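# Architecture at a glance
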Amino acid sequence: MVSPDRIREMYGDMLTARHYEERLQEEYLEGKQPAFDISAGPIPGELHLAAGQEAAAVGVCHHLRPEDTVTAPHRPHHVAIAKGVDLKRMTAEIFGRESGLGKGKGGHMHLFDPDVNFACSGIIAEGCPPAAGAALAAKKRNEDSVAVAFLGEGAIDQGAFLESLNFASVHNLPVVFVIEDNDWAISMPKERVTDVEDGSDRAAGFDMPGVRVDQDDAVAVYEAAAEAIGRARDRNGPTLLEVQVHRRMGHFMGDPQTYRSDDDEEAALARDSIDRIESELRDHGVDDDDLASMRDDAETRVEEAIAWAKEQPQPDPEDAYDDVFVNPPSGVTTEEPEFELAEVNADE
Amino acid sequence: MSETNDVIDRELTMSRAMVESIAHEMRDNEEVFYMGEDVADYGGIFDSTQGLLDEFGRDRIMDVPISETAYLGAAVGAAQEGMRPIAELMFVDFFGVAMDQIYNQLAKNTYMSGGNVNVPLVLTAAVGGTYNDAAQHSQTLYGTFAHVPGLKLVVPSTAYDAKGLMHNAIRDDDPVMYLFHKRLMGIGWMPAPDGPKTPVPETDYTIPFGSADIKREGADVSVVTLGLHVHRALAAAESLAAEGIDVEVIDLRTLVPLDTETIVESVRKTGRLVVVDEDYRSFGVTGEIVASVADRDLGALDAVERVAVPDVPIPYARPMEDEVIPDAADIEESVREVVSSK
Ligand SMILES: Cc1ncc(C[n+]2csc(CCOP(=O)(O)OP(=O)(O)O)c2C)c(N)n1
Ligand SMILES: [Mg+2]
């Protein structure tokens, strides 16, 4: 049984994540009207929003501690929120501001918050090996922290994912791989590019449990993740967990989605994980006022983060030259010691 | 036919020109097919295959799993069987996951087999920044692919060139990497500068690799560049003309082979060389071009400047991206520099 308090917490993060994506969409499109120009407006570049995928993120991350590592892919905001990434500094990063998580250098696909061990990458499946590496570090240091790699269902055909499964399995690493199955990889439906219906079936070939949560039900995900993360913490090895989620928006903002049928889009909109968890809360006696005030709290959190971000200064152009390395180019020294070395004699 | 009827005035965007040549080759040769992510229904994220699915169907316009090693490597294998695959890497930045197939198989099989095996594969990829897509989606990596022996490397800057170079790429029996700059394609959501949209003949034609195009003649300074920066250099040349500086702009069109002859001839005339590109500055295209001119005729070089991405990853935020990707003003400054120094 998942406690009502835990469900409330998850609900709060789901509301935050949903409202966040909806607000970013508005901000992003501002300045891109009437003609959509990807480089215009307060948030330029690509933007991949995760509305409809919140259940996977909260169901897994609400088991985690700050010292546990999470890697996310190009669609990272909901996972970051569930992991407790600093929302203000994350938002400032998305707006390209100096006080952003990466001082405006990374942008929305490249968010790093070492305070809660969160990172993401825009290259498909490339978060999997580093998650295995974080797990390896925990194992070597005899710590009970775990690592989680999030990836899309389109990423399960990638070498970096498959190699990581084997690496994690053979070294019995405390890592969980979480597939967010939203049925689509940009315009490619999963049945066109992947031969297994359930990505979790891949686990069998790597001698680890494969579990699929067939609906984007945060409580069901929480229960399945309890098992997987518990297994990792108890040093019983990796798990492959898959969650059915839904893509309520385009792949990226500006995606015409001409490849997608209206039926598919409507079906995705109809299955709302937020409605589901709300009714769960009602079953626990949470009333309308209570739900409304939680909604207000989430919205306030998001609005405050966005307002704060937009007040932050732009980086200076010259800041571009910093942060390539943390040490000086010469390394930890500028001086080379002198030794007396014997002559190397080729004849000997 | 009268003279005026021969003037070609049908203008195409770069993407339409590319697609036209691919369609033409596919009609002529059943063995030509296209593989990539989102190339079927989507028509290529950057319009590289727009409309081809309708005409050729899924067997020949193939969406593939997100498995670059597998499908690029499969393209190598099919090409070695004599087919003529075109395989698309959505962004050149994703090369890393399939690097072995590109660097150790595609590029080297011909040589290692003593010429007994050949790989008639065209590897297309989108390159470039200027729209704040940050460090993993904005590179050109020209130097990375020009560096390894065994790959011909094409970088069109206009619709006319895009078509003629693509015809040559598909018919060539060797591997050709064809890097198209996103900003030049004429995509609705990423406005192109003036310039890449040009008149394009309806007929098929081939442009030889290794023939640079002098886009603007000038007596004072040779600006050598490629891709997006051809247009930035031309814009710079226009402003500099008002200052009385006469700039020659050379569009390399291909890096491998490199038309050293045209560059050296131009530098012999002007004495001043400014090399501009959108790749990292060190160990790359700009250094290579300066070195190859120096090798051939050191005495011709009175003054040299390089304009490239300073050695940092491409930052996200607008002020920083603008700082590191060379613009027309940066080119102008370097041209003034070589003019005043010599
Ligand atoms: C190695 C690599 N190949 C291709 C891409 C381009 N790309 C970005 S997102 C995406 C689709 C990913 O689908 P999925 O993993 O299901 O995640 P979703 O977008 O559905 O969340 C692709 C092909 C990439 N970023 N990296
Ligand atoms: Mg997906």
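See the structure above.
Residues numbered from 1 in each chain as written. Chains lettered and ligands numbered in written order. Predicted model: local features only at pLDDT ≥ 70, side-chain atom pairs only at ≥ 80, totals over all residues. Heavy atoms only, no water.

### A short note on the overall build of chain B
The secondary structure content of chain B amounts to 13 helices and 14 strands. Relative to the 2.2 N^0.38 estimate, which gives 20 Å for 342 residues, the radius of gyration of chain B is 20 Å and therefore close to what a compact globule would have. Dimensions along the principal axes, computed over C-alpha positions, put chain B at roughly 60 × 50 × 45 Å. Looking at chain B residue by residue over its 342 residues, the buried ones come to 61%. A sequence separation of at least 24 residues applies to 81% of the contacts in chain B between residues at least 6 apart. (Helix = DSSP H or I, 4+ residues; strand = E, 2+ residues; numbered from the N terminus. Rg over C-alpha atoms; globule rule 2.2 N^0.38 Å. Buried < 20%, exposed > 50% of the residue type's maximum accessible area, 1.4 Å probe, protein only. Contact = heavy atoms within 4.5 Å.)

### Some points on the overall build of chain A
Helix and strand counts for chain A come out as 11 helices and 9 strands. In terms of overall dimensions, chain A is globule-like: its C-alpha atoms have a radius of gyration of 22 Å, near the 20 Å expected for 348 residues. The C-alpha extent of chain A, read off along each of the three principal axes, is 85 × 50 × 40 Å. Buried positions account for 55% of the 348 residues belonging to chain A. Of the contacts formed within chain A by residues at least 6 apart in sequence, a portion of 75% connects residues at least 24 apart. Taken as a whole, chain A presents about 15200 Å² of accessible surface, with 47% of it coming from carbon and sulfur. Separation of charge centres in chain A, based on 32 positive and 73 negative side chains, amounts to 3 Å. (Areas by Shrake-Rupley, 256 points an atom, 1.4 Å probe, with all protein chains shown as cover. Lys, Arg positive; Asp, Glu negative; His and termini not counted. Charge placed at Lys NZ, Arg CZ, Asp CG, Glu CD.)

### Topic: the interface of chain B and chain A
Taken together, the contact between chain B and chain A spans 43 residues of the former and 48 residues of the latter. Summed over both partners, the interface of chain B with chain A comes to about 3400 Å²; 61% of that surface belongs to carbon and sulfur atoms. Summed over the three residues of chain B that lose the most area to chain A, namely I66, Y316 and M320 of chain B, the buried surface amounts to 21% of that side. For the pair chain B and chain A, the interface holds 2 salt bridges. (Buried area = accessible area lost by both parts, 1.4 Å probe. Salt bridge = Lys/Arg side-chain N within 4 Å of Asp/Glu carboxyl O.)

### Here's the deal with the site of ligand 1
Residues in contact with ligand 1 amount to 20 residues; listed here are only the nearest, H74, R75, G122 and W184 of chain A together with E68 of chain B. Ligand 1 sits at a junction of chains, with neighbouring residues supplied by chains A and B. G122 of chain A places a main-chain nitrogen or oxygen 2.8 Å from a nitrogen atom of ligand 1. Between ligand 1 and W184 of chain A, the relevant distance is 2.7 Å, taken from an oxygen atom to a main-chain nitrogen or oxygen of the residue. Bound to the protein, ligand 1 loses 97% of the 580 Å² it would expose on its own. According to the grid-proximity analysis, the pocket containing ligand 1 is the largest cavity. Here the residues of the shell around ligand 1 sort into 9 nonpolar, 7 polar and 4 charged. (Near = heavy atom within 4 Å. Polar contact = N/O pair within 3.5 Å; in protein donor to acceptor, adjacent residues only side chain to side chain. 1 Å grid on protein atoms, 1.4 Å probe; cavity = no way out; pocket = protein on both sides within 12 Å on 5 of 7 lines; lining within 4 Å. Sits in = over half its atoms within 2 Å of the grid points. Nonpolar A, V, L, I, M, F, W, Y, C, P; charged D, E, K, R; others polar.)

### Quick word on empty space enclosed by the protein
It is a probe the size of a water molecule, rolled over the atoms, that shows where empty space is left. In this structure the tally under the stated criterion is 7 cavities of 30 Å³ or more. The computed volume of the largest cavity comes to approximately 430 Å³. Considering the residues around the largest cavity, the lining is formed by 34 residues, among which H74, I124, I186 and H251 of chain A together with I66 of chain B are closest to the centre. Broken down by secondary-structure element, the contributors of at least two residues to the lining of the largest cavity are β4 (147-152) and β6 (184-185) of chain A together with β4 (84-91) of chain B. Split into classes, the residues belonging to the lining of the largest cavity amount to 16 nonpolar, 10 polar and 8 charged. In this model, the second largest cavity occupies a volume close to 70 Å³. Classifying every residue of the lining of the second largest cavity by side-chain character gives 9 nonpolar, 2 polar and 2 charged. (Points joined across faces, edges and corners; volume = space filled by probe spheres on them.)

### Considerations on the packing of helix α2 (residues 54-61) of chain A against helix α8 (residues 218-233) of chain A
Axis angle and axis distance: for two packed helices, these are the angle between their axes and the distance between the axes, and together they describe the pair. All names here are of chain A. In contact at an axis separation of 7 Å, α2 and α8 are set at 40° when each is read in the N-to-C sense. Taken together, the axis directions place α2 and α8 in an arrangement best described as oblique. For the pair α2 and α8, the sense of crossing is right-handed. Residues A55, A56, V58, G59 and V60 of α2 form the contact with α8, whose own contacting residues are A218, V221, Y222, A225 and I229. In terms of residue class, the contact of α2 with α8 is built from 9 nonpolar, 1 polar and no charged. (Axes fitted to C-alpha atoms, helices over the stretch in contact; angles between N-to-C directions. Parallel < 35°, antiparallel > 145°, perpendicular 65-115°, else oblique. Left-handed = near helix turned anticlockwise from the far one by under 90°.)

### Concerning the environment of H19 of chain A
Residue and element names in this part refer to chain A. One can find H19 in helix α1 (residues 4-29). Residue classification places H19 among the buried residues on the basis of a relative accessible area of 15%. Setting aside residues up to four positions removed in sequence, H19 forms contacts with E299, V302 and E303. Only 3.0 Å separates the side chain of H19 from the side chain of E303, close enough to count as a polar contact.

### Notes on the coordination of the magnesium ion (ligand 2)
All names here are of chain A. Around the magnesium ion (ligand 2), the protein contributes the donor atoms E153 (OE), N182 (OD1) and W184 (O), at 2.1 Å from the metal centre. Donor residues for the magnesium ion (ligand 2), ordered by position in the chain, follow E-x28-N-x1-W. Note that E153 is positioned in the loop between β4 and α6 (159-170) and N182 in the loop between β5 (175-181) and β6, a separation of 29 residues in sequence. Owing to a relative accessible area of 4%, E153 belongs among the buried residues under this scheme. A residue is classified by how much of its surface remains accessible, and N182, at 5% relative accessible area, is buried. (Donors = N, O, S within 2.8 Å, 3.2 Å for Na, K, Ca; no water.)

### Some points on the environment of F150 of chain A
Residues and elements named next belong to chain A. By the secondary structure assignment, F150 is in strand β4. On the basis of relative accessible area, F150 is assigned to the buried category, the value being 3%. Each C-alpha atom of the pair F150 and A56 lies 9.2 Å from the other, and the pair is 94 residues apart in sequence. Setting aside residues no more than four positions away along its own chain, F150 makes contact with A56, A57, V60, C61, V70, T71, A72, P73, V79, V178 and E180.

### Observations concerning the packing of aromatic side chains
We describe a pair of aromatic rings using the distance from one ring centre to the other and the angle between the two ring planes. All told, the structure shown has 9 aromatic pairs over all chains when counted by the stated rule. On the basis of an interplanar angle of 85° and a centroid distance of 6.2 Å, the ring pair of F161 of chain A and F177 of chain A is categorised as edge-to-face. In this pair, F161 of chain A sits in helix α6 while F177 of chain A sits in strand β5, placing the two residues 16 residues apart along the sequence. Neither F161 of chain A nor F177 of chain A differs from the other in exposure class; each is buried. With 5.1 Å between their ring centres and 40° between their planes, F91 of chain B and F94 of chain B make a pair best called tilted. Since its relative accessible area comes to 3%, F91 of chain B is described here as buried. What links up through ring pairs into an aromatic cluster is the set F46, F91, F94 and W189 of chain B. (Phe/Tyr/Trp six-rings, centres within 6.5 Å; stacked < 30°, edge-to-face > 60°.)

### Considerations on the pairing of strand β5 (residues 122-127) of chain B
All names here are of chain B. In terms of residue burial, β5 counts as a mostly covered element, since 6 of its 6 residues are buried. Neither face of β5 is open: one carries V122, T124 and A126, the other L123, A125 and V127, and all of them are buried. Here β4 runs beside β5; their pairing, made up of 5 bridges, is parallel. Across the sheet, E88 pairs through a bridge with T124, a residue of β5. Alignment of β5 against strand β7 (residues 176-181), held across 6 bridges, turns out to be parallel. Each bridged residue has a counterpart across the sheet, and for V127 the counterpart in β7 is H181. (Pairing = 2+ DSSP bridges.)

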